[in-house]
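Listed below are the residues making up each chain.
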Amino acid sequence: HGRTSWSLLLEKAFAKLCGSYEALRHAEPGPLLMALTGEVKSVGQWRQDTGWWSQNTFLMDPDPNLLAPKPVTPPERIQPGIHRRVQAIRALRLHVARVGGTWQQGPELFHTMRNLHRGNALILAYRDGGVDVVGERRPGYRDPSGSGLVFGLGYSVLGLVEV
């Protein structure tokens, strides 16, 4: 096929952006999509809270030096296993803020998602796998209810059908 290596190259590029594969594992999907697409303003997420859904937006850090190049660490101070060009190891995470007036329930959210889909928006769905007792992200695991989904993995939404 010739296309299968692209996903591995993208994963390696994101791992380099984060500083390590471990840091990439702790990154959030929103900032990764922002890095992948170059889109900053319209990337958001919907979160459910007691039957209601609210839209959240990612807040960019106001510090312009956050991603500015920093002086290269002297060779004697480089940590073992870290490439010499890595400036910092950090998971891609951003603060989120609720967008006012966006509380919706199931049918309203469906119509919003359908309009986004009709507008050719990139829509992904995921269920966070949570953290273990020491605060580390848990690896993906099957939904105990038998839905066939895996918590901790993301899915592309290719179509929306009202049932």
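These numbers were taken from a predicted model, which means no experiment stands behind them. (Residues numbered from 1 in each chain as written. Predicted model: local features only at pLDDT ≥ 70, side-chain atom pairs only at ≥ 80, totals over all residues. Heavy atoms only, no water.)

Chemist: Talk me through the overall build of the protein chain; I want residue IDs and the actual numbers.
Modeler: The secondary structure content of the protein chain amounts to four helices and seven strands. Taken from N to C terminus, the helices and strands of the protein chain fall in the order α-α-α-β-β-β-α-β-β-β-β. Each of the 163 residues in the protein chain was classed as buried or not, and the buried ones make up 20%. Put simply, 63% of the contacts in the protein chain that link residues at least 6 apart link residues at least 24 apart. Surface exposure of the protein chain reaches about 12400 Å², of which carbon and sulfur atoms provide 58%. (Helix = DSSP H or I, 4+ residues; strand = E, 2+ residues; numbered from the N terminus. Buried < 20%, exposed > 50% of the residue type's maximum accessible area, 1.4 Å probe, protein only. Contact = heavy atoms within 4.5 Å. Areas by Shrake-Rupley, 256 points an atom, 1.4 Å probe, with all protein chains shown as cover.)

Chemist: Run through the sheet that holds strand β2 (residues 52-59), naming residues and quoting values.
Modeler: Strand order in this open sheet of three strands is β1-β2-β3, and the pairing throughout is antiparallel. Whereas interior strands pair on both sides, the edge strands pair on one side only; in this sheet they are β1 (44-49) and β3 (95-98). The sheet shows a mean angle of 40° between the axes of neighbouring strands, direction not considered. Pairing between β2 and β3: four bridges, direction antiparallel. Residue pairing in the sheet places Asn56 in a bridge with Arg98 of β3. (Pairing = 2+ DSSP bridges. Axes fitted to C-alpha atoms, helices over the stretch in contact; angles between N-to-C directions.)

Chemist: An account of a nonpolar patch on the surface is requested, with residue identities and associated values reported.
Modeler: A surface patch of nonpolar side chains, about 250 Å² in accessible area, is lined by Leu149, Leu153 and Tyr155. Following the sequence through the fold, Leu149 ends up in the loop between β5 (141-142) and β6 (150-151). (Patch = residues over 30% accessible without salt bridge, like charges linked within 9 Å, V, L, I, M, F, W, Y side chains within 5 Å. Salt bridge = Lys/Arg side-chain N within 4 Å of Asp/Glu carboxyl O.)

Chemist: Before we move on, could you go through the packing of aromatic side chains and cite the residues and values that matter?
Modeler: Tallying each qualifying case throughout the model produces one aromatic pair. With a centroid separation of 5.1 Å and an interplanar angle of 70°, the aromatic rings of Tyr141 and Phe151 are classed as edge-to-face. A residue pair is termed long-range when its members are at least 10 positions apart, and Tyr141 in strand β5 and Phe151 in strand β6 qualify at 10 residues. Relative accessible area serves as the criterion here: at 26%, Tyr141 is assigned to the partly exposed category. (Phe/Tyr/Trp six-rings, centres within 6.5 Å; stacked < 30°, edge-to-face > 60°.)

Chemist: Just give me the short version of helix α3 (residues 29-37), but keep the residues and values in it.
Modeler: When α3 is considered as a whole, its buried residues turn out to be Gly30, Pro31, Leu32, Leu33 and Met34. A positive backbone phi angle near 80° is found at Gly38, which sits one or two residues after α3.

Chemist: Explain the side chain of Asn56 residue by residue, including any values.
Modeler: Within the element layout of this structure, Asn56 appears in strand β2. Given a relative accessible area of 5%, Asn56 falls into the buried group. Side-chain polar atoms of Asn56 contact the backbone nitrogen of Arg98, separated by 3.5 Å. Here Asn56 is in contact with Gly44, Gln45, Arg47, Val96, Ala97, Arg98 and Val99, once residues within four sequence places are set aside. (Polar contact = N/O pair within 3.5 Å; in protein donor to acceptor, adjacent residues only side chain to side chain.)

Chemist: Outline the side chain of Gln45, listing residues and values.
Modeler: By secondary structure assignment, the location of Gln45 is in strand β1. Looking at Gln45, its side chain comes within polar contact range of the side chain of Arg47, at 2.5 Å. Excluding residues within four positions of it along the chain, Gln45 makes contact with Ser54, Gln55, Asn56, Phe58, Val96 and Tyr126.

Chemist: Please set out the environment of Gln104 residue by residue, giving values where relevant.
Modeler: Residue position: Gln104 is located in the loop between β3 and α4 (106-118). Take Gln104: its relative accessible area is 14%, and that puts it in the buried class. As a C-alpha pair, Gln104 and Gln48 span 56 residues in sequence and 9.3 Å in three-dimensional space. Ignoring any residue separated from it by four or fewer positions in sequence, one finds Gln104 in contact with Trp46, Gly51, Trp52, Trp53, Leu109 and Thr112.

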